[in-house]
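Residue-level structure breakdown
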Amino acid sequence: MKQLQFKGLRFLFVVLLLFLGVLLFDAQKLPQMGAEFISIWAKILPIFALIILLTTLIHYFLKPKHIVKHLGEESGAVGVVYAVLGGILSHGPMYVWYGMLEEMREHGLKEGLIATFLYARAVKLPLLPFMIGLFGLTFTVLMNLYILLFALLQGKIIDRVIKKDILP
Amino acid sequence: MKKPKQPPSLRQAFLKAVLGFVSMLPMVIAVTGLVALFKSYVTPEMLSRLFGHGRAADIAIGTLTGAVSSGNGALSYVIGEGLLDHGVSVYAVSAFVLAWVTLGFVQLPAEVSVFGLRFTVWRNLLTLLSTVAVSYLAVVTSEILA
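Residues numbered from 1 in each chain as written. Chains lettered and ligands numbered in written order. Predicted model: local features only at pLDDT ≥ 70, side-chain atom pairs only at ≥ 80, totals over all residues.

1. Quick look at the interface of chain B and chain A
Counting from both sides, the interface comprises 58 residues of chain B and, opposite them, 58 residues of chain A. Within the residue set of the side of chain B that touches chain A, elements represented by two or more residues are α1 (10-41), α4 (73-85), α5 (90-102), α6 (108-115) and α7 (117-145) of chain B. Classifying every residue of the side of chain B that touches chain A gives 36 nonpolar, 16 polar and six charged. (Contact = placed C-beta atoms within 7 Å. Helix = DSSP H or I, 4+ residues; strand = E, 2+ residues; numbered from the N terminus. Nonpolar A, V, L, I, M, F, W, Y, C, P; charged D, E, K, R; others polar.)

2. Details of the confidence of the model for chain B
Residues and elements named next belong to chain B. Across chain B, the average pLDDT comes to 85, with 96% of residues at 70 or higher. Of all helices and strands in chain B, the one with the weakest mean pLDDT is helix α2 (residues 44-48) (76), whereas α7 scores best (92). Listed scores for the predicted complex are pTM 0.79 and ipTM 0.80. (pLDDT = per-residue confidence, 0-100.)

3. A closer look at the nonpolar core
The nonpolar side chains of soluble globular proteins are, as a tendency, buried together. Within the largest apolar cluster, 77 residues are counted, with the highest numbers of intra-cluster contacts made by Ile147(A) and Val31(B). The element contributing the most residues to this core is α5(B), with ten residues. When residues no more than four places from it in sequence are discounted, the contact partners of Ile147(A) are Tyr119(A), Ala122(A), Val123(A) and Val134(B). (Core = buried A, V, L, I, M, F, W, Y, C linked by C-beta atoms within 7 Å. Buried ≥ 20, exposed ≤ 12 C-beta atoms within 10 Å, placed from the backbone.)

4. Side note on the packing of helix α4 (residues 76-89) of chain A against helix α6 (residues 111-120) of chain A
Residues and elements named next belong to chain A. Between α4 and α6, the least distance of the axes is 7 Å, while the angle of their chain directions is 35 degrees. Seen from above, α4 lies across α6 with right-handed handedness. On α6, the residues that touch Gly 79, Val 80, Ala 83, Val 84, Gly 86, Gly 87 and Ile 88 of α4 are Leu 113, Thr 116, Phe 117, Leu 118, Tyr 119 and Ala 120. Residue classes in the contact of α4 with α6 are distributed as nine nonpolar, four polar and no charged. (Axes fitted to C-alpha atoms, helices over the stretch in contact; angles between N-to-C directions. Left-handed = near helix turned anticlockwise from the far one by under 90°.)

What follows is the structure, encoded as structure tokens:
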């Protein structure tokens, strides 16, 4: 069984220091911050339940060789389609998906597809009515098409710079 | 002879998923704490006062303010509508809305701790450039089509 290795402990320490600063110098803001914090967690907890379910199914049904085949180096267009569709259909803040992506990367998910997935998340299906109301239908369609195009481009560039070891 | 590795049971798969979630908890608590801190101090009115310095500057400001802002994506449209009403250009507002959902300076430390520094830097740099390009191209193309 995998060992428990906490992520972001130093980051959490810095944020706790900031909260301590607020407590010392602007304590009347704390109730508002507490309410915001609880409201955020109320929204993301159901998403975490979904992610735990998805990750369980991935561990159970998908073997590393499947991930390598469909989302690894040789996955080609199929991998891109999965990454784009996954990005469009995923809900909630980006950071709640990091854990699942990290586990899939450990099993062979290529980094370009992570970049594609994360940028394709900009296509927000539930928010399309807001977008059409704000910018109009033509602009909304164009913007979402460009988002998908740039999601693919980002994936290609990330893969290329990693393959050529250009990344510093 | 080496014994073939047994596939995990559903219970083992679930425990592994829960373990993965628990290991991410400090990072998620930190990000949500930072978002709560940000939302308590930065108001939409403060953001709208930053614009009005020309197209290029407004796109840059829209991208940067969207990137440092955080919260539900629907909120970015509410603020975006207010910005358009205040005469801010569509270039800047579309960059703001797009940066809101694709970039997140508050979650950068979390992204670094999961994916590593070089992937995070490159991905966010590309996302920053893509956001400017998508906003610009979408406005220009829609103007041509109109």
